[in-house]
Amino acid sequence: MDASALLADTRIVPVVVISDIDTAIPLALTLRDAGILAIEITLRTPQALRALECISREVPELLPGVGSVRQPEQFAQAREAGARFAVSPGTTPTLLQAAGTARMPYLPGAATASEILHLLEAGYRLQKFFPAEQLGGIRMLKALGAPLPEARFCPTGGLHAGLVPAYLGCPQVACVGGSWFIPAEALAAGDYARIGELATAAVALASTA
């Protein structure tokens, strides 16, 4: 259930926390119009699954995913809500088994060489590298990539616009995830014009990297 093929055309994945369900559709439309192809709704609020369901139904142009998956039953819940892929900050054998049972394309998290090897053995070539900046960023990815050339990464954690070109220029990186172009205060205020400008700039950065 490696997510490489599903996310092959995706260079930036917005990592979104929905606290107010009324923001879900306007935000999704804004990201879609900016050229974003996928969205990760994190399971950090009670509204997450409902928001995922609304977005998957009302904004079908966006590839809907669920993030912060940490319990096996969340795969089935997310699939029922319309998720097409799932993301975890780390990985356990139980989560890998649950992803397979749910037939859910999965982006599992890894932070060490041993974790990367374990996921490669399980068939997961594309892996989340989290928290990227705190773990050493691009230097760490290049160091890990030298002896582990099969692995590709979606780094998240601490990224901002100034770092994106360097990350996407790294041969070990397939895509990046983040929320720097969705400021919490702008979302809370309904300032979708600002979010749209920032998201459009993020897409432009990705296209030139």
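Bear in mind the structure is a predicted one, so any value in this text is a computation, not a measurement.

Observations regarding the pattern of salt bridges
Here the structure, examined in full by the defined rule, presents four salt bridges. Note that Arg32 is salt-bridged to Asp33, the shortest N-O span being 2.9 Å. Owing to a relative accessible area of 28%, Arg32 belongs among the partly exposed residues under this scheme. A salt bridge links Arg57 to Glu58; its shortest N-O distance comes to 3.1 Å. Ionic contacts of the salt-bridge type, sharing partners, join the residues Arg32, Asp33 and Glu61 into one network.

Points about the packing of helix α2 (residues 48–58) against helix α3 (residues 73–81)
Interaxial distance between α2 and α3 falls to 8 Å at its minimum, and their mutual angle equals 35°. Where α2 approaches α3, its residues Leu49, Leu52, Glu53 and Ser56 are matched on the opposing element by Gln77, Ala78 and Ala81. Across the contact of α2 with α3, the residue classes break down as four nonpolar, two polar and one charged.

Here we look at the environment of Ala8
The topology assignment puts Ala8 in the segment before β1 (12–16). Residues Ala8 and Ala78, 70 residues apart in the sequence, show an inter-C-alpha distance of 21 Å.

Notes on unusual backbone geometry
Residue Pro131 is reached from Phe130 by a cis peptide bond, and omega for that bond is -10°. Checked against the element boundaries, Pro131 lands in the loop between β7 (126–129) and α6 (137–145). Of note in the backbone geometry, Ser68 takes a positive phi value of approximately 60° without being a glycine. Relative to the assigned elements, Ser68 resides in the loop between β3 (63–67) and α3. Looking at Ser68, the relative accessible area reads 14%, which means it is buried. Here Arg103, not a glycine, exhibits a phi torsion of approximately 55°, which is positive. In this structure, Arg103 sits in the loop between α4 (93–102) and β5 (106–107).

About the thresholds
Along each chain, residues carry numbers from 1 onward, in the same order as the chain's sequence is written. Where totals are concerned, whole chains, interfaces and linings use all residues; where local detail is concerned, this predicted model gives features only for residues with pLDDT of at least 70, and gives and counts side-chain atom pairs only at 80 or more. The basis for every side-chain value is the complete set of heavy atoms in the structure, and neither hydrogens nor water enter the calculation. Each reported salt bridge corresponds to a side-chain nitrogen of Lys or Arg within 4 Å of a carboxyl oxygen of Asp or Glu. The rule is simple: take the accessible area with a 1.4 Å probe, protein chains only, and divide by the maximum for that residue type; under 20% is buried, over 50% is exposed, in between is partly exposed. Angles run from 0 to 180 degrees between N-to-C directions of axes, and those axes are lines fitted to C-alpha atoms, restricted for helices to the stretch in contact. In this text, helices come from DSSP runs of H or I with a minimum length of four residues, and strands from runs of E with a minimum of two, each type numbered from the N-terminal end. When checking whether two residues touch, look at their non-hydrogen atoms; a contact exists if any pair is within 4.5 Å. Residue classes follow a fixed rule: Ala, Val, Leu, Ile, Met, Phe, Trp, Tyr, Cys and Pro count as nonpolar, while Asp, Glu, Lys and Arg count as charged, and any other residue, Gly among them, counts as polar.

So, to be careful, I would describe these as geometric facts and stop short of saying anything about function.
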